[in-house]
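So you can see what is in the structure, the chains are spelled out below.
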Amino acid sequence: MLKFILSLMMLMIFISEWNLVQSGLFILCFLLSIFSYHDFYMSSLGFGLGTDYLSYILILLSAWIMSLVISSSTKVNFLNVYPSSFLFVNLLLLAALFITFSSMDYLMFYISFEASLIPTLILILGWGYQPERIQAGVYMLFYTLLASLPLLVSILYIYKINGSLSIGLMYNMVGQSSINLIWFICSMMAFVVKLPMYLFHLWLPKAHVEAPVAGSMILAGVLLKLGGYGLIRILPLFGELNKSINWLWIGLSILGGFIVSLICLRQVDMKSLIAYSSVAHMGLVLSGLVMFGWWGMNGAVVVMVGHGLCSSGMFCLANMVYERMGSRSLLINKGLMNFMPSMALWWFLLSIGNMAAPPTINLLGEINLIMSMVSWSKVTMLGICLLSFFSAGYTLYLYSLSQHGLFSSSLYSCCSGKVREYLVLSLHWIPLNILILKSIVIMPNF
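Residues numbered from 1 in each chain as written. Predicted model: local features only at pLDDT ≥ 70, side-chain atom pairs only at ≥ 80, totals over all residues. Heavy atoms only, no water.

As annotated in an unreviewed UniProt entry, the protein carries the name NADH-ubiquinone oxidoreductase chain 4 and is attributed to Paralithodes camtschaticus. In UniProt, the protein has this text filed under Sequence similarities (unreviewed entry): "Belongs to the complex I subunit 4 family." (UniProt positions renumbered as here; feature names shortened; annotations may be inferred.)

Looking only at helices and strands, the protein has 19 helices and two strands in total. Taking all 446 residues of the protein together, the buried fraction comes to 59%. Taking contacts inside the protein between residues at least 6 apart in sequence as the whole, the part at least 24 apart equals 83%. Only carbon and sulfur atoms are counted for the fraction: they give 71% of the accessible area of the protein, which is about 17800 Å². (Helix = DSSP H or I, 4+ residues; strand = E, 2+ residues; numbered from the N terminus. Buried < 20%, exposed > 50% of the residue type's maximum accessible area, 1.4 Å probe, protein only. Contact = heavy atoms within 4.5 Å. Areas by Shrake-Rupley, 256 points an atom, 1.4 Å probe, with all protein chains shown as cover.)

Mapped onto the secondary structure, Cys264 falls in helix H12 (residues 239-264). Classification of Cys264 by relative accessible area gives buried; the value is 0%. Here the alpha-carbon distance between Cys264 and Ser277, two residues 13 residues apart in the chain, equals 6.8 Å. Not counting chain neighbours up to four residues away, the residues in contact with Cys264 comprise Leu273, Tyr276, Ser277, Tyr394 and Tyr397.

Take unusual backbone geometry next. Each neighbour pair has its own omega, and for Leu195 with Pro196 the value is -15°, a cis peptide bond. On the secondary structure map, Pro196 appears in the loop between helix H9 (178-194) and helix H10 (203-210). In this structure, Pro359 follows Pro358 across a cis peptide bond, with omega equal to 5°. Looking at where Pro359 falls in the secondary structure, it is placed in the loop between helix H16 (341-354) and helix H17 (361-376).

It is worth spelling out helix H18 (residues 380-403) at this point. A rise of 1.5 Å per residue sets the reference length of H18, with its 24 residues, at 34 Å; its end C-alpha atoms lie 34 Å apart and thus fit the reference within 8%. Where H18 ends, the next residue or the one after it, Gly405, has phi of about 100°, a positive value. (Expected span 1.5 Å × (residues − 1).)

It is at 12 Å that the axes of helix H6 (residues 106-115) and helix H11 (residues 213-234) come closest, and there the two elements cross at 165°. When the axes of H6 and H11 are compared, the pair comes out roughly antiparallel. In the crossing of H6 with H11, the sense of the turn from one axis to the other is left-handed. Touching Tyr106, Phe109 and Phe113 of H6 are Leu226, Tyr229, Gly230, Arg233 and Ile234, all from H11. The class makeup of the residues in the contact of H6 with H11 is six nonpolar, one polar and one charged. (Axes fitted to C-alpha atoms, helices over the stretch in contact; angles between N-to-C directions. Parallel < 35°, antiparallel > 145°, perpendicular 65-115°, else oblique. Left-handed = near helix turned anticlockwise from the far one by under 90°. Nonpolar A, V, L, I, M, F, W, Y, C, P; charged D, E, K, R; others polar.)

Once that is clear, we can look at the pattern of salt bridges. Across all of its chains, the model carries four salt bridges by this definition. For Arg328, the salt bridge goes to Asp269, with nearest N and O atoms at 3.4 Å. Remark: Asp269 occurs in the loop between H12 and helix H13 (270-291) and Arg328 occurs in the loop between helix H14 (294-325) and helix H15 (336-339); sequence separation between them is 59 residues. (Salt bridge = Lys/Arg side-chain N within 4 Å of Asp/Glu carboxyl O.)

This structure, assessed with the given rule, holds 18 aromatic pairs. With a centroid separation of 5.4 Å and 65° between ring planes, the pair formed by Phe113 and Phe191 is classed as edge-to-face. Remark: Phe191 occurs in helix H9 and Phe113 occurs in helix H6; sequence separation between them is 78 residues. Of the two residues, Phe113 and Phe191, both sit in the buried class. Joined through ring pairs, the aromatic side chains of Phe101, Phe109, Phe113, Phe191 and Tyr229 make up one cluster. Against the face of Phe113 rests Lys194, its NZ or CZ located 5.6 Å from the ring centre. The ring of Tyr139 has Lys206 lying over it, and the distance from NZ or CZ to the ring centre is 4.9 Å. (Phe/Tyr/Trp six-rings, centres within 6.5 Å; stacked < 30°, edge-to-face > 60°. Lys NZ or Arg CZ within 6 Å of the ring centre and 35° of its normal.)

Rendered as structure tokens:
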């Protein structure tokens, strides 16, 4: 059944009819969500592909976000800006993500991991808004490729030692030495840049600001999760080394998250603020992953899913404002509650989701991560307190500055929102809140 569903997804790449692709993606998500109720540990799909709980969750998230991306980008179809090419690139990206998440071989994982960069780059360069998109594309390309090449060398060296690259067959194969430490850091860097961690994050705000809404949504919703997924797959190879150096990753993540939260309070561009907030959230995810305990691992996966839904929804909202006002600046977009009162409700609902308020799954994930970090060292409580406080601070800053105050005198009339837009926003928000009731769906058995 799963093979049939995913074969259908691959065939959709060759369809150029907008409504057909949109309907097909929603049907695909529905079938995948029904199949998730079956109790399975590992399902082989052939061709060196297979799924476990973790990869299945991320495949479902990818299909769900992609269906919302197509629904949010109807302006591309309306203005006839190469709509068939746009659909082809998005579906190609979805296929690359599917292969990445279902690879059972490290080399196949690496190839598809890098292949997902090409459609993203085409989206930014082809459908971006400003001439600076070329610079943003180059930033993203060089950051990710430069950090990924040592990973390829590492994978080939692992094959030379073990004679196999199957995921799940090798555990704790590297001892503690200075050479192995360099090897470990080189293997980690590709995923740390993709996540991204503070100090390696400069490509992300540029890519988000210049990308179209489709690029921003898929980048925040799924592509950042490739880094977390890769860490989960690669860390078991370096168990002892990871235990000796995880203090470095945790310290950089928590301190970096705090600094990025302060940077968010200085932003005047909506998309830039939401992009920087992703760096703060992913810092917590990295801290949970490098501890490699049950609480940290589960919390990281839950936060990845919750952040994918919430951040994608906020980029969608920012695009709706941009389409009406012609600007993303918080200095111009004030008092939106006065002429878009219904949209203000969605701003509020997604903003409280972004600061991990109940009953979102972000709350469940952050509780797990905080318990994991505090049990590792009580010193982290100070960093967690600062990070949580300023995360709430910049989210309230975004909401209050955009919704309250006097609206721009240059605006005469505005549509408060269309049914399609409310549907897309509700399909972000509903899973974000109801998945906590069925937490077993997103709590893999490691």
